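# Structural overview
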Amino acid sequence: MLVNMRDLLAAAKDGNYAVGSFSVANMEMVLGVLKAAAELKAPVILQIAEVRLKQSPLELIGPLMVAAAENAETPVAVHFDHGKTLEKISLALDLGFTSVMFDGSHLPLEENIAQTKKTVMLAADYDAAVEGEIGCVGGSEDGSEDIAINCTRPRDAVRFAQETGVDALAIAIGNAHGNYKSTPKLRFDILESCAESVEVPLVLHGGTGIRPEDFVRCSKTGIKKINIATATFDAVEKSVRTCYNRNAVQGYYDLQSAEVEGAYENAKRHILIFGSDNKA
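My aim in this report is to walk through the structure given alongside it, one point at a time. On a predicted model such as this, the values are computed, not experimentally measured, just so you know.

About the thresholds
- Residues numbered from 1 in each chain as written.
- Predicted model: local features only at pLDDT ≥ 70, side-chain atom pairs only at ≥ 80, totals over all residues.
- Heavy atoms only, no water.
- Helix = DSSP H or I, 4+ residues; strand = E, 2+ residues; numbered from the N terminus.
- Rg over C-alpha atoms; globule rule 2.2 N^0.38 Å.
- Contact = heavy atoms within 4.5 Å.
- Areas by Shrake-Rupley, 256 points an atom, 1.4 Å probe, with all protein chains shown as cover.
- Lys, Arg positive; Asp, Glu negative; His and termini not counted.
- Charge placed at Lys NZ, Arg CZ, Asp CG, Glu CD.
- Salt bridge = Lys/Arg side-chain N within 4 Å of Asp/Glu carboxyl O.
- Buried < 20%, exposed > 50% of the residue type's maximum accessible area, 1.4 Å probe, protein only.
- Phe/Tyr/Trp six-rings, centres within 6.5 Å; stacked < 30°, edge-to-face > 60°.
- Core = buried A, V, L, I, M, F, W, Y, C linked by side-chain atoms within 4.5 Å.
- Pairing = 2+ DSSP bridges.
- Axes fitted to C-alpha atoms, helices over the stretch in contact; angles between N-to-C directions.

Attention now moves to the overall build of the protein chain. For the protein chain, the helix and strand inventory stands at 10 helices and 8 strands. Compactness check: the protein chain gives a C-alpha radius of gyration of 18 Å against a globular reference of 19 Å for 280 residues, within 12% of the reference. Dimensions of the protein chain along its principal axes, counting C-alpha atoms only, are 55 × 40 × 35 Å. Considering only contacts in the protein chain between residues 6 or more positions apart, those separated by 24 or more positions represent 72%. A total of about 12000 Å² of accessible surface is found on the protein chain, and carbon and sulfur atoms cover 50% of it. In the protein chain, 27 side chains carry a positive charge and 38 a negative one; their mean positions are 6 Å apart.

Pasting the structure below:
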């Protein structure tokens, strides 16, 4: 069933677990994520980032994501991730997304607050949740940039959450988008300080490559939404490649099944780590 993201995160906060937010690029990935969610009785979030719209146009994949959530067996929120423009954020809301993000992490704090508030006001007309971001998560969503990590200052996070009225806040604690070159060393001291002083649920971006035990610690320390993007794409590509190497692809539908399977296995693994199984 299609639900608001703020409801999923509120339940995660009460239950002391995190909800997986899985980036998708096509129907096969959507089917794989929802297969895992149904099997494990888990709430999930389907998401797509604005930078990915060149490959998956929002006006095409957006209605698919919303329809899939409406017909899902478990609670599913549909989220527009890393929104850069009010134009695309507005389109996502019109299409029925129940959550949107304005990513102003690259802006000075004052401007980030001002622009995020515009998104909050816009989303209010749809009763949609809003995610903001403060501090710079390393890398970039599409791998085109090597943005340096700039960890969140807890006092700035408090101010940002209070002044914008966001429903969720993504923070930077040494995490980065894409594949890590080495095992990340997360700043749990910053996370703990933010969790103690910020009332809204916290979000972890750049989940690919983080150790399972660190995921668990994050989920028990204020992080209630964990984004999984690169790991999904990598798992789907690996599943397809494995099938070809085994000569198991005899036609298109074998290829489709391999894509679904890759997304399913990846989502299943992360749901179990995040502790959101049997929480639907």
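Note that side chains of opposite charge can pair when their charged atoms are close. Overall, the coordinates contain 14 salt bridges when judged by the stated rule. Its salt-bridge partner being Arg6, residue Asp127 comes within 3.1 Å of it at the nearest N-O pair. Here Asp127, found in the loop between α5 (109-124) and β5 (129-134), pairs with Arg6, found in helix α1 (residues 5-15); they are 121 residues apart in sequence, far enough to count as distant. You can call Asp127 exposed: its relative accessible area is 52%. Ionic pairing is found between Asp214 and Arg211, a salt bridge with its closest N-O pair at 3.2 Å. For Arg211, a relative accessible area of 39% puts it in the partly exposed group.

One non-glycine residue with positive phi stands out, namely Asp127, at about 55°. In the Ramachandran plot, Asn278 falls in the positive-phi region, its phi being about 60° despite a non-glycine side chain.

The subject of this paragraph is the packing of aromatic side chains. For the structure shown, the criterion picks out 3 aromatic pairs. The interplanar angle of 75° and the centroid separation of 5.1 Å between the aromatic rings of Phe215 and Phe274 together place this pair among those described as edge-to-face. Within this pair, whereas Phe215 is found in helix α8 (residues 212-219), its partner Phe274 is found in helix α10 (residues 252-274), the two being separated by 59 residues in sequence. Taking the relative accessible area as the measure of exposure, Phe215 reaches 2% and is therefore buried. The exposure class assigned to Phe274 is buried, which follows from its relative accessible area of 1%. Between Tyr252 and Tyr253, the ring centres sit 5.1 Å apart and the planes meet at 70°, which makes this aromatic pair edge-to-face.

The biggest cluster of nonpolar side chains holds 70 residues, and the ones touching the most others in it are Met65, Phe80, Phe97 and Leu169. With near-sequence residues (within four places) excluded, Met65 lies in contact with Val24, Val30, Leu46, Gln47, Ile48, Val78 and Phe97. Listed in part, the 13 residues of the second largest apolar core include Ala12, Val19, Ile45 and Ala168.

Within a beta sheet, neighbouring strands are joined by backbone hydrogen bonds and run either parallel or antiparallel to one another. Within the closed barrel, the 8 strands sit side by side as β1-β2-β3-β4-β5-β6-β7-β8. Their pairing is parallel. Averaged over all adjacent pairs, the angle separating strand axes in this sheet is 25°, with direction ignored. Of the pairings in the sheet, the one linking strand β6 (residues 168-171) to strand β7 (residues 202-204) comprises 2 bridges and is parallel in character. Residue pairing in the sheet places Ala170 in a bridge with Val203 of β7. On the sheet, α1 packs against β1 (19-23), β2 (44-49), β3 (76-83), β4 (99-102), β5, β6 and β8 (223-228) and is oriented at approximately 120° with respect to β8.

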